[in-house]
Number of protein chains: 2
Amino acid sequence: MKEAADYPFLVNPIPMPSWLVTEENENADRVFAGDEAKVRFTVELAMENVRHETGGPFAAAIFDLRTDRLIAAGVNVVVPSKQSWAHAEMIAFAHAQNKLGRGSLEGCVLASSCEPCAMCNGATPWSGVEELIYGATGDMAESVGFDEGYKGAQWKEAFARRGIRVAGPLLGEDAFAPFALYRQKNGKIY
Amino acid sequence: MKEAADYPFLVNPIPMPSWLVTEENENADRVFAGDEAKVRFTVELAMENVRHETGGPFAAAIFDLRTDRLIAAGVNVVVPSKQSWAHAEMIAFAHAQNKLGRGSLEGCVLASSCEPCAMCNGATPWSGVEELIYGATGDMAESVGFDEGYKGAQWKEAFARRGIRVAGPLLGEDAFAPFALYRQKNGKIY
């Protein structure tokens, strides 16, 4: 198979807020032990995304399962990028695979501020992550007008059959905070 | 919401094979009347992707429903881009939204050489397309070793509830041709 370097034409570079690059750098040496610490970090990033007005109230991050360290983060940039698929989890996958230089995130966990939608759920096994952990329920997202899509009632069983551990919802009402802030700021629902 | 131009950092530009740019240009004025003509074009692109060794045996395209003209095409570039989510449909969405300068593909149809996997299925409603038409069955893809993922048994009903027309599988055994060629060339399964 030809290498990407052979391709002269590039489509669709994805914008990433500069504050998020700063957050990644500042948290590069931090140890995020346990599921709750990882998910809490993504909930904080989702709050920051709303505060900075750089996208929707969703964030995700990829952590190394062995070291508990951050590899890459992503936030929802659907509106500013004018790309319907630019959800936090997709950006986190893209960004982590870009950083690691490989398409498989073996040995990694995806943490998300919210239960992944149908698209991000479907993308998770392809990413190679070994675990999925998340904060808010899909119902919380839908209660403020977001759409989770149809992913089938047996999605947790489907992950289990692939050997992907799932933990969530986590953090209880704390995970609702980004949605509350977004609603308060009259954010655009898409 | 801040515009993308305010963002100093870009993540993950996606490679697009140069032969595909040529195909797009050469077919810019062609009228693709009916579902079969549109899907047949994507099956031909999937064949080309295998012949050029620029990715897996999958292609997709976005057409204008009113004029039956091509807006943008995409092929699977998972291996060369080292991005697990770089399926044909995702690239077609990204490329079309990039070209049109808007995140919604209202008035458009997604044509795919194969039934979309769980991720691309979930991405379809978010893209704004009004119709989904496809060639090969998911079973055909799985018969040569690809994985379609879990998208729930009621996915066609879920599209119908959203008012998205679905037509497929189409073209019968003709839609299997890209997989046959890929297998013959001992393509990498991922």
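All values reported here derive from a predicted model rather than from experimental measurement.

Colleague: Please clarify how the overall build of chain A should be interpreted in this entry.
Modeller: Summing up its helical and strand segments, chain A has eight helices and seven strands in all. Relative to the compact-globule value of 16 Å for 190 residues, chain A shows a C-alpha radius of gyration of 16 Å, a close match. The dimensions of chain A, computed from C-alpha atoms along their principal axes, are 50 × 35 × 35 Å. In chain A, which comprises 190 residues, the proportion classed as buried is 52%. Across chain A, the fraction of contacts at a sequence separation of at least 24, relative to all contacts at a separation of at least 6, is 66%.

Colleague: Teacher, can you tell me more about the sheet that holds strand E3 (residues 59–64) of chain A here?
Modeller: Each strand in a sheet pairs with another by means of backbone hydrogen bonds, the pair being arranged parallel or else antiparallel. Residue and element names in this part refer to chain A. Reading across the sheet, the five strands line up as E4-E3-E5-E6-E7 and stay open at both edges, with mixed pairing between neighbours. Of all the strands in the sheet, the pair left with one neighbour each is strand E4 (70–75) and strand E7 (165–167). On average, each strand axis in the sheet is tilted by 15° relative to the strand beside it, whichever way the strands run. Across three bridges, the pairing between strand E6 (residues 131–136) and E7 is parallel. Along E7, the bridge assignment pairs Leu 132 with Val 166. Against the sheet, helix H4 (residues 88–100) touches E3, E4 and strand E5 (108–114), its axis set at about 145° to E4.

Colleague: Hey, could you run me through the sheet that holds strand E6 (residues 131–136) of chain B in this one?
Modeller: Residues and elements named next belong to chain B. As summarised here, the arrangement of the five strands in space is E4-E3-E5-E6-E7, forming an open sheet in which the pairing is mixed. Strands with a single pairing partner mark the edges of an open sheet, and in this sheet they are strand E4 (70–75) and strand E7 (165–167). Between one strand and the next, the sheet's axes are offset by a mean angle of 15°, whatever the strand orientation. Across five bridges, the pairing between strand E5 (residues 108–114) and E6 is parallel. Of the residues in E6, the one forming a bridge with Ala 111 is Ile 133. Against the sheet, helix H2 (residues 35–51) touches strand E3 (59–64), E4, E5, E6 and E7, its axis set at about 145° to E3. Along the sheet, helix H4 (residues 88–100) contacts E3, E4 and E5; its crossing angle with E4, the most-contacted strand, is approximately 145°.

Colleague: Help me out: how do you make sense of the packing of H4 of chain B against helix H5 (residues 118–127) of chain B in this one?
Modeller: To describe two helices that pack against each other, one gives the angle between their axes and the distance between the axes. All names here are of chain B. It is at 9 Å that the axes of H4 and H5 come closest, and there the two elements cross at 20°. By the angle between their directions, the pair H4 and H5 is classed as roughly parallel. Two packed elements cross with a definite hand, and for H4 against H5 that hand is left-handed. The segment H4 lies against H5, with Glu 89, Met 90 and Phe 93 engaging Cys 120, Ala 123 and Ser 127.

Colleague: How should I be thinking about the confidence of the model for chain A in this particular structure?
Modeller: When pLDDT is averaged across chain A, the result is 92; 91% of the residues are at 70 or more. Taken over the whole predicted complex, pTM reads 0.94, whereas the ipTM for its chain interfaces reads 0.93.

Colleague: Sorry if this is basic, but what is going on with helix H5 (residues 118–127) of chain A here?
Modeller: Side chains three or four residues apart in an α-helix point the same way, a direct result of the helix having 3.6 residues per turn. Burial runs high along H5 of chain A: ten of the ten residues are buried. Residues of H5 of chain A that are buried include every one of Ala 118, Met 119, Cys 120, Asn 121, Gly 122, Ala 123, Thr 124, Pro 125, Trp 126 and Ser 127 of chain A, and no others. The elements touched by buried residues of H5 of chain A are H4, E5, E6 and helix H7 (155–161) of chain A together with H5 of chain B. Backbone geometry just downstream of H5 of chain A places Gly 128 of chain A in the positive-phi region, at approximately 90°.

Parameters and conventions
Residues numbered from 1 in each chain as written. Chains lettered and ligands numbered in written order. Predicted model: local features only at pLDDT ≥ 70, side-chain atom pairs only at ≥ 80, totals over all residues. Helix = DSSP H or I, 4+ residues; strand = E, 2+ residues; numbered from the N terminus. Rg over C-alpha atoms; globule rule 2.2 N^0.38 Å. Buried ≥ 20, exposed ≤ 12 C-beta atoms within 10 Å, placed from the backbone. Contact = placed C-beta atoms within 7 Å. Pairing = 2+ DSSP bridges. Axes fitted to C-alpha atoms, helices over the stretch in contact; angles between N-to-C directions. Parallel < 35°, antiparallel > 145°, perpendicular 65-115°, else oblique. Left-handed = near helix turned anticlockwise from the far one by under 90°. pLDDT = per-residue confidence, 0-100.

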